[in-house]
Amino acid sequence: MPSLKALRVRINSVKSTQKITSAMKMVAASKLRRAQAQAEAARPYAERMERMLAALGASAAGSPTAPRILVGTGADKVHLLIVVTADHGLCGAFNASVGRAARSRVRELEAQGKTVRILAVGRKGRDFLRREFADRIEGDITFAGRKRIEFADAQGIAERISALLNAGSFDVCSVIYNRFVSVIAQVTTETRLIPAPLPETAAAPAGGVAASYEFEPDEETILARLLPQNLAIQVYRTLLESAAGEQGARMTAMDNATRNAGDMIKRLTLNYNRARQANITRELIEIISGAEAL
Amino acid sequence: MPVALEIVSPERLLLSRPVDMAVIPASEGEMGVLPGHAPMIVLLRGGTIALYESGRITEKLYVAGGFAEVTPERCTVLADEALPTGEVSKAKAQARLAEAEAAYAAQVAADRTDVPALDLAMARIQSARAMQDAAEAP
């Protein structure tokens, strides 16, 4: 049986932990709102970009001079995996689940005899993957200490991907990240970036919307500018989803931690009161039996 | 019948409202978009978009470049970056111009034959100049 003092110390320490976790939950909740708003604000651009790409891409994909970013290198030998995780922990299984998914993907691809390169976005994923796949890591990017993710950050990553593509250092590029479904649900998803999956144009009537557009200066030039921008948008969307998911996961994790701390405090307080009562009873017995002995 | 103009940047939807005419800086010259315009997809250079309502310019926005989709009913501008001309900072424009010129010079020094890269660098300079003009405009 721990002493009364030890129990008191324990209770106080758990109480301050609870204060921290509940504050972290509040912070995560407000950050989540901001992240969601940012993701919401980015949506119109992505939607319209998709519409334009549908009009442009369908015709270009078939031609032999189609840009690499749209059709890839034609080979399927070297895979570049972009693993998007958070920079900070304390958000439940958020980082671990991306890490696990990346690991099993790497193993699967290598079992098929393919080469894998990894670009780790976020500190946690980098640390996780470095343990096993240090030699396959192409580079890492972190946004630690940044208030919010700017579009320019996504552009930076997209440029890096394009540079690697032009240097011929990979054939297929996909990104593994946590898709934000709801505050309590984030789904680890893998999305292909290169070759670019074309939006469906099936809805267009025969003859196609695509055919009716005029282009200035010309289709190829526009496509050459549109595709890198589209890549950046895809990356941006991924980063925002992951950021929102991170805050959602942290909120849930901290909510659980606060509740656990509450349970623990309850249990410790019960123990404390029992011990106190036992002490009093013992003292009374001592006094009474002392008085009786006289 | 007005034309529904939308200006979106990657970070947010900037403007969405019907106007009588929009003049957009297409890559091969200013382009006025009136209702019933032929469907087009155009590349934009850096410049200003002017909104015409009842015969007057009611609003001007600076765009750093991007794309526009024009259909008979609407005009959607996908801007790399867009700002009302009043909010364009001159200092920022100058810094960007200097940077763009340095990048161009570097590209020329590195590889004179890479025409697409040179074009891109030149487009950046033009965009920065347009930004400067937008900042100076009343």
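Right above here is the structure, for reference.
Notes on the structure follow. Within each chain, residue numbers correspond to sequence positions counted from 1 in written order. Whichever chain is written first is A, and whichever ligand is written first is 1; the rest continue in order. Per-residue local features of the predicted model are confined to residues with pLDDT of at least 70, and side-chain atom pairs are confined, for both listing and counting, to 80 or more; whole-chain, interface and lining totals are unaffected and use all residues. As a rule here, side-chain values cover all heavy atoms of the structure and leave hydrogens and water aside.

Time to look at the sheet that holds strand β3 (residues 137–141) of chain A. Residues and elements named next belong to chain A. Whether two strands pair depends on DSSP finding at least two bridges between them. The helix count covers DSSP runs of H or I at least four residues long, the strand count covers runs of E at least two residues long, and both are numbered beginning at the N terminus. One open sheet holds the five strands; their spatial order is β3-β2-β1-β4-β5, and the pairing between them is mixed. The sheet terminates laterally at β3 and β5 (185–194), the two strands that pair on one side only. Along the sheet, successive strands turn relative to each other by an average axial angle of 20°, direction set aside. Summarising the sheet, strand β4 (residues 172–182) and β5 pair through nine bridges and their orientation is antiparallel. Directly across from R179, in β5, lies its bridge partner V187. Throughout, a residue-residue contact means that at least one pair of heavy atoms, one from each residue, lies within 4.5 Å. For helices, the axis comes from a line fit to the C-alpha atoms of the stretch in contact; other axes are also lines fit to C-alpha atoms, and the angle between any two N-to-C directions lies between 0 and 180 degrees. Where helix α7 (residues 219–293) meets the sheet, its contacts fall on β1 (78–84), β2 (115–121), β4 and β5, and the angle it forms with β4 comes to roughly 40°.

Our next topic: the nonpolar core. Working definition of a nonpolar core: buried Ala, Val, Leu, Ile, Met, Phe, Trp, Tyr and Cys residues. They are joined through side-chain atoms within 4.5 Å. The cut-offs for exposure are 20% and 50% of the maximum accessible area for each residue type, with area from a 1.4 Å probe on protein chains only; residues under the lower value are buried, those over the upper are exposed, and the others partly exposed. I82, I157, I161, F170, L193, I194 and L239 of chain A are the most contacted members of the largest nonpolar core, which has 53 residues in total. Top contributing element to this core by residue count: α7 of chain A, with twelve residues. With residues up to four places along the chain from it excluded, the contact list for L239 of chain A reads V84, V121, F143, I149, A154 and I157 of chain A. Of all hydrophobic cores here, the second largest spans 23 residues; its members include L15, L44, A68 and A82 of chain B.

Before going further, it helps to spend a moment on the interface of chain A and chain B. Each partner contributes to the interface: chain A provides 26 residues, whereas chain B provides 28 residues. Here chain A meets chain B over a buried area of about 2400 Å², counting both sides, of which 61% is carbon and sulfur. We define buried area as the total accessible area lost by two parts upon association, computed with a 1.4 Å probe and summed across both. Summed over the three residues of chain A that lose the most area to chain B, namely Y45, E216 and R225 of chain A, the buried surface amounts to 29% of that side. For this analysis, a salt bridge means a side-chain nitrogen from Lys or Arg found within 4 Å of a carboxyl oxygen belonging to Asp or Glu. Our count for the contact surface shared by chain A and chain B stands at two salt bridges. One salt bridge in this structure joins E6 of chain B and R48 of chain A, with 2.7 Å as the shortest N-O distance. The definition of a polar contact used here is a pair of N or O atoms within 3.5 Å, where within protein one atom must be able to donate a hydrogen and the other to accept one, and adjacent residues in sequence count solely through side-chain atom pairs. At the boundary of chain A with chain B, the tally comes to eleven residue pairs in polar contact (both at pLDDT 80 or more). Mapped onto the side of chain A that touches chain B, the elements with two or more residues apiece are α1 (4–62), β6 (214–216) and α7 of chain A. Among the elements that make up the side of chain A that touches chain B, the one with the highest residue count is α1 of chain A (ten residues). Of the residues contributing to the side of chain A that touches chain B, the split by class is 16 nonpolar, three polar and seven charged. Ten residues, namely Ala, Val, Leu, Ile, Met, Phe, Trp, Tyr, Cys and Pro, are considered nonpolar, four, namely Asp, Glu, Lys and Arg, are considered charged, and the remaining ones, Gly among them, are considered polar.

Glancing now at a nonpolar patch on the surface. All names here are of chain A. Residues I280, L284, I287 and I288 make up a contiguous nonpolar surface patch of roughly 370 Å² in combined accessible area. Here I287 is to be found in helix α7. For I287, a relative accessible area of 55% puts it in the exposed group. Nonpolar side chains (Val, Leu, Ile, Met, Phe, Trp, Tyr) within 5 Å and like charges within 9 Å form the patches, drawn only from residues with over 30% relative accessible area and no salt bridge. Working definition of accessibility: Shrake-Rupley area with a 1.4 Å probe, residue cover restricted to the visible protein chains.

This brings us to helix α1 (residues 90–110) of chain B. Residues and elements named next belong to chain B. Given a rise of 1.5 Å per residue, 21 residues ought to cover 30 Å, and the 30 Å separating the end C-alpha atoms of α1 matches this to within 8%. Listing the buried residues of α1 in full gives A93, L97 and A100. End-on, the buried residues of α1 take up no more than an arc of 70°, which puts them together on one face. More than 90 degrees from the buried face of α1, the exposed residues found are A91, K92, E99, A109 and A110. In the core, the buried residues of α1 are packed alongside α2 (115–136). A helix is expected to span 1.5 Å multiplied by its residue count minus one. The arc refers to the directions leading from the helix axis to the C-beta atoms.

This part covers the side chain of E6 of chain B. For E6 of chain B, the position within the fold is in strand β1 (residues 3–9). For E6 of chain B, a relative accessible area of 15% gives the class buried. Looking at E6 of chain B, its side chain comes within polar contact range of the side chain of R48 of chain A, at 2.7 Å. With residues up to four places along the chain from it excluded, the contact list for E6 of chain B reads R48 of chain A together with L15, S16, C75, T76 and V77 of chain B.

Residue and element names in this part refer to chain A. With their axes 8 Å apart at the nearest point, helix α5 (residues 151–166) and α7 run at an angle of 125° to one another. Judged by the angle between their axes, α5 and α7 are oblique. Here α5 runs over α7; the crossing is right-handed. Facing α5, whose interface residues are F151, A154, Q155, I157, A158, I161 and S162, α7 presents Q229, L231, A232, I233, V235, Y236 and L239. Of the residues assigned to the contact of α5 with α7, the class counts are eleven nonpolar, three polar and no charged. Here roughly perpendicular refers to angles of 65 to 115 degrees, roughly parallel to angles under 35, roughly antiparallel to angles over 145, and oblique to all remaining angles. The crossing is said to be left-handed when, going from far helix to near helix, the turn is anticlockwise and less than a right angle, and right-handed when the turn is clockwise.

All names here are of chain A. The rule is short: rings of Phe, Tyr and Trp, with Trp giving its six-membered ring, pair when the centres are within 6.5 Å, and they are stacked under 30 degrees, edge-to-face over 60, tilted in between. All chains considered together, the criterion is met by one aromatic pair over all chains. The interplanar angle of 85° and the centroid separation of 5.2 Å between the aromatic rings of F151 and Y236 together place this pair among those described as edge-to-face. Placement of the pair is F151 in helix α5 and Y236 in helix α7, with a sequence separation of 85 residues. Owing to a relative accessible area of 1%, Y236 belongs among the buried residues under this scheme.

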